[in-house]
Amino acid sequence: MSILGNRVLRVEDPKLLTAGGTYVDDVELPGAVELCYVRSPHAHAGVVSIDTEAARRAPGVLDVLTAADLALAPIVQHLPGIPAEMARPFLAGDRVRFVGEAVAVVLAETRAEAADGAALVEVEYDPLPAVVALEHAASGETLLFPAAGSNVAARIAPAPAPSSAPGAAAPGAEGSIFDDCEVVVSERFVNQRLAPCPLEVRAAAAVLGEDGRLTHWSTSQTPFAVRQALAGALGVEEGKIRVIAPDVGGGFGAKNGDYPDELLVGVLAHRLGRPVRWCETRSESMLALGHGRAQQQTITLGGSRDGRLRAYRLEVVQDCGAYPLLASFLPHLTRAMASGTYDIERVEFESVSLVTTTAPVVAYRGAGRPEAAAAIERAVDRFAAEIGMDPAELRRRNLVGPQRFPFENPTGTVYDCGDYAAALERLLEASDYDSIRAEQAARRSCGETVELGIGLAVYVEITGAADLGGEWSAVEMLPDGTAVVRTGTSAHGQGHATAWSMLVSDALGIPIDAVRFVQSDTDLVARGVGTFGSRSLQTGGVAARQAAERVVELARELAGELLEADPADLVVDPGGGGIGVVGTPTARRSWAELAAAAAERGTPLRAEVDFTPPGGTFPFGAHLAVVEVDTETGGVRLVRLVAVDDAGRILNPLLADGQVHGGLAQGVAQALLEEFVYDAEGNPLTTTLADYLFVTAAELPSFESLRMETPTPRNPLGAKGIGESGTIGSTVAVQNAVVDALAGRGVRHLDMPLSPERVWQSLAATG
Amino acid sequence: MGVKIVVEVNGTAQSHEVEARTLLVQYLRDVVGLHGTNIGCDTSSCGACTVLLDGESVKSCTVLAAQADGRSVTTIEGLAEPDGTLHPVQSAFREHHALQCGYCTPGMVMAVVSLLKENPSPTESEVRLGLEGNLCRCTGYHNIVKAVLAVGATAGATAGATAGAGAAAEAGR
């Protein structure tokens, strides 16, 4: 009996539950210099002068550094097409571009002294106009980077999409893709800016060893990328740097990047020859950790009155914040799945990514895909309302059929496999859709002030995108009978220690606690990309499994020699006994014996594998939300959230459920509560967890989570990613539910977050 | 200006001189050296630093170390039995996968211990409202609530059995 597919409790938990994790700020580093950054209170200003004298005289302060003192080149983003003039400096030079941008750093003996010293640094600013509204950014009236000549960081031109329909109207001067559509709906959506809010903020610690090698602890999802960036900044070989991401308290995409304030810790430790550490406060983190989403979308959806969707256009304006980091690239992901699960003949997409005087936007759970799903799913509901068709029925009529896979969508993305209709039907049945609709109608007919709303989303998403490469893993059997598995991925809450141990234990037939899991240390792992984009199991997990299988092959060869048996007759004992002859319990060598024999020969039982999948995988599912909307107060209560998710073959349902739950909650949070707000002058208004409406237990119901398993052909585990799908479906399902609740009162669209005030105002406006 | 304090931390008396401005969480982490209690915010919003002060949950970022003088503090490190047997809340968190990255976990567990002490068999809505001051970004709270309800159900069953036994004794008299 294989352990794979079973609900296995986590090996990570005992320590986390009894002693707590070892996070970066828990790392003991005696004698470390503490850093505190001086951050701009202006959204956009020239830096006239920085007076550090008073700070230098403060107790415990060792030094105060500005951009001029650092003399470091800006950080190069490894993304195509970003103007070089927009590269981000380690500390702002002659200009600050968002509130919270660091202009100086104070070095002191203690954290409190560093903070006290930072308060004494006098910076003279010459305020410039803030650029917050995307229209303002697009106008180019105020430029963040005058040398770049515009505020455009990236663009996807409206190339005509490949059309399989002969004779279809070509886009452009001759006509539009909507020419043959009886019904065309158009709307502008705001997919608002969010703060990712991992519970652990960013921290870093670094020490230069006597051997001249730098060790840098990082709260990163991608320690190898941190090493690369540090090596670039220091001008040293990557081999001279060791980056360790110990326990990391969540990331959600935002801890996947080259942050100057974090990298500077390693740079200064290298220069000073003294240990250096830094930990931001939450209020700093709200300003300086990257934000997520921040797209403005214009949708146009056309089709026939009987509910056949024919043409869709999505125009995206992506807010990059002050420096184009990953956000400039996110529209590519939005484009790749613009038409979602639907068979729409003609799709047009264009986008522009603009810089604004706000915090840089990075990846946040879903990264470009929740935005795509929100656009198409909201558009489909909008179309259904227009033609008076039940939104479930409209979806049913337009889903890509299960016989169409692999399916190339009109933007050129090839979906691996799926059965979207099955997910929808399963959802409708599990939620008892018809009964909820009946209750909704009953409430309406007797004029109840608390309306019921039902929202649907049938989503597909992209995980493990192939252009991000594969992952490395090594498995070694040790003479004490335990195995070590090393991986290039970098878990920060996902439970990879459990999952990888299951894969190895199953291959070798040893108990799960006889496997030691090693990750996130660039000295102990040969190479790696990291954990983001729901890619880990389908890359690193597969590599670990294949490495374990190769160890078995090596062991069979060896056991064959030792037992004088044909390796073909040798099998792994699933009871942990090692390798033996089929049907002959006595003719067997234990793993300890085999490992010892191998070590003696100088050929350890060790194998390593680089696995690169042939392409991304496409998890899918259907989510349904039921909300109550109090039309007198605008208050929304989420009553039910039912989710059918298919992420291919599931390795451990315990872990998969946990990923889905967390994703669902973050979707609800965006739909109903969370928004990072800047005023017109670029002042952030939601800079603490008291102001930013981080979702709590009190606003959520227990979820109804169901699973389908359609194995992907793109990797031997049949696994797709499941880290983000919860968010991708639920966000717009909840949004659709609120709009649906108010449909009888003339409301056709409402942007997120659906705060009581926004809902109430919409009702007041429609009368 | 230093303040002399004596605090019983996880059953052991600790005696230190601390700066008056030292928060209890800073004292626990930086002076006593117990890193299990985490800091997640600076507005007393997140609850990651929740510990028990004389058996009741407090956010240790809103208590000065000096205020803990002469009192007892229990942190995540002191919750299990000395022989390593997990507290029922710790066991339930593992059994129900109520933690992922683990950062909110020490505070969340201590808040749950306190909640169940006040209300041994809470309803789902009582659990959700009771944990409103403890933020978790990973779990969506689903499995945390499940774990708390499971411990509550066990407590309820035990209490019910005790009550039932009492009633039987009453009837037999």
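Residues numbered from 1 in each chain as written. Chains lettered and ligands numbered in written order. Predicted model: local features only at pLDDT ≥ 70, side-chain atom pairs only at ≥ 80, totals over all residues. Heavy atoms only, no water.

### Regarding the overall build of chain A
- The number of helices and strands found in chain A is 19 helices and 28 strands.
- Computed over its C-alpha atoms, the radius of gyration of chain A comes to 28 Å, within 12% of the 27 Å expected for a compact globule of 767 residues.
- Overall, chain A is about 85 × 75 × 50 Å in size when its C-alpha atoms are taken along their principal axes.
- Across the 767 residues in chain A, those meeting the buried criterion constitute 62%.
- Taking all contacts inside chain A whose residues are at least 6 apart in sequence as the whole, residues at least 24 apart take part in 80%.
- For chain A, the accessible area works out to roughly 25,900 Å², and carbon and sulfur atoms hold 52% of it.
- Taking the 62 positively charged and 99 negatively charged side chains of chain A as two groups, their mean positions are separated by 2 Å. (Helix = DSSP H or I, 4+ residues; strand = E, 2+ residues; numbered from the N terminus. Rg over C-alpha atoms; globule rule 2.2 N^0.38 Å. Buried < 20%, exposed > 50% of the residue type's maximum accessible area, 1.4 Å probe, protein only. Contact = heavy atoms within 4.5 Å. Areas by Shrake-Rupley, 256 points an atom, 1.4 Å probe, with all protein chains shown as cover. Lys, Arg positive; Asp, Glu negative; His and termini not counted. Charge placed at Lys NZ, Arg CZ, Asp CG, Glu CD.)

### As for the domain arrangement of chain A
Residues and elements named next belong to chain A.
- In terms of domain boundaries, chain A breaks down into domain 1 (292-463 + 616-766) and domain 2 (467-611).
- Averaged C-alpha coordinates put domain 1 and domain 2 at centres separated by 40 Å.
- Counting residues at the interface gives 17 residues for domain 1, matched by 15 residues for domain 2.
- Of the roughly 1,200 Å² buried between domain 1 and domain 2, counting both surfaces, carbon and sulfur atoms make up 68%.
- Looking only at domain 1, the three residues that lose the most surface to domain 2 are Leu 651, Leu 655 and Leu 717, adding up to 43% of its buried area. (Domains from an automatic or database assignment. Buried area = accessible area lost by both parts, 1.4 Å probe.)

### Considering the interface of chain B and chain A
- Counting residues at the interface gives 43 residues for chain B and 56 residues for chain A.
- When chain B packs against chain A, close to 4,000 Å² is buried across both sides, 56% of that on carbon and sulfur atoms.
- In this structure, the connection of chain B to chain A is made through four salt bridges.
- We note a salt bridge from Asp 116 of chain A to Arg 21 of chain B, for which the minimum N-O separation is 3.9 Å.
- Along the contact surface separating chain B from chain A lie 28 residue pairs in polar contact (both at pLDDT 80 or more).
- Elements with a contribution of two residues or more to the side of chain B that touches chain A: α2 (88-95), α3 (105-118), α4 (124-130) and α5 (142-172) of chain B. (Salt bridge = Lys/Arg side-chain N within 4 Å of Asp/Glu carboxyl O. Polar contact = N/O pair within 3.5 Å; in protein donor to acceptor, adjacent residues only side chain to side chain.)

### Comments concerning the sheet that holds strand β8 (residues 183-194) of chain A
All names here are of chain A.
- Pairing within the open sheet is mixed, and its five strands lie in the order β7-β15-β14-β13-β8. Every interior strand has two partners, whereas the edge strands, β7 (152-156) and β8, have only one. For this sheet, the mean angle separating the axes of adjacent strands, direction not counted, is 10°.
- Relative to strand β15 (residues 346-355), β7 is paired through four bridges, and the arrangement is antiparallel. Bridging across to β15, Val 152 finds its partner in Leu 354. (Pairing = 2+ DSSP bridges. Axes fitted to C-alpha atoms, helices over the stretch in contact; angles between N-to-C directions.)

### Side note on the pairing of strand β20 (residues 483-487) of chain A
Residues and elements named next belong to chain A.
- Counting buried residues in β20 gives five out of five residues, a clear majority hidden from the surface.
- Side chains of β20 alternate between two faces, with Ala 483, Val 485 and Thr 487 and Val 484 and Arg 486 buried alike.
- Here strand β19 (residues 471-477) runs beside β20; their pairing, made up of five bridges, is antiparallel. Considered in β20, the bridge of Val 475 is made with Val 485.
- Linking β19 to β20, which pair antiparallel, is a turn of five residues; within it Gly 481 sits at a positive phi near 85°.
- In this sheet, strand β21 (residues 515-518) lies alongside β20 in parallel orientation, the contact comprising four bridges. Its bridge partner being in β21, Ala 483 is matched across the sheet by Val 515.
- Handedness of the crossover joining β20 and β21 through helix α14 (residues 496-508) is recorded here as right-handed. (Right-handed = clockwise from strand over helix to strand, strands pointing away.)

### Focus on the domain arrangement of chain B
Residue and element names in this part refer to chain B.
- In terms of domain boundaries, chain B breaks down into domain 1 (1-78) and domain 2 (79-164).
- Put simply, the middle of domain 1 and the middle of domain 2, counted by C-alpha atoms, are 22 Å apart.
- Counting residues at the interface gives 20 residues for domain 1, matched by 16 residues for domain 2.
- At the boundary of domain 1 with domain 2, total buried surface from both sides reaches about 1,300 Å², with 54% on carbon and sulfur atoms.
- Three residues stand out in domain 1 for area buried against domain 2, namely Asn 38, Thr 50 and Ile 76, and they jointly supply 35% of the buried area on that side.
- Sorting the residues of the side of domain 1 that touches domain 2 by element identifies β3 (50-53) and β4 (56-59) as the ones contributing at least two each.

### Notes on the confidence of the model for chain A
- For chain A, the mean per-residue pLDDT works out to 95, and 98% of the residues sit at or above 70.
- Predicted confidence for residues 161-173 of chain A stays below pLDDT 50, and this span has 17 contacts to residues more than four positions away or in other chains. (pLDDT = per-residue confidence, 0-100.)

### Remarks on the pattern of salt bridges
- According to the stated counting rule, one finds 60 salt bridges over all chains in the structure shown.
- Here Asp 26 of chain A makes a salt bridge to Arg 29 of chain B, at a shortest N to O gap of 2.7 Å. Of the two residues, Asp 26 of chain A sits in the loop between α1 (13-18) and β1 (33-39) while Arg 29 of chain B sits in helix α1 (residues 24-31), which places them in two different chains. This pair shows no difference in class: Asp 26 of chain A is buried, exactly as Arg 29 of chain B is.

### Brief notes about the side chain of Arg 443 of chain A
Residue and element names in this part refer to chain A.
- Residue position: Arg 443 is located in helix α13 (residues 433-445).
- By relative accessible area, which is 12% here, Arg 443 ends up buried.
- With residues near it in sequence (within four places) discarded, Arg 443 still touches Glu 448, Val 450, Glu 451, Leu 452 and Glu 628.

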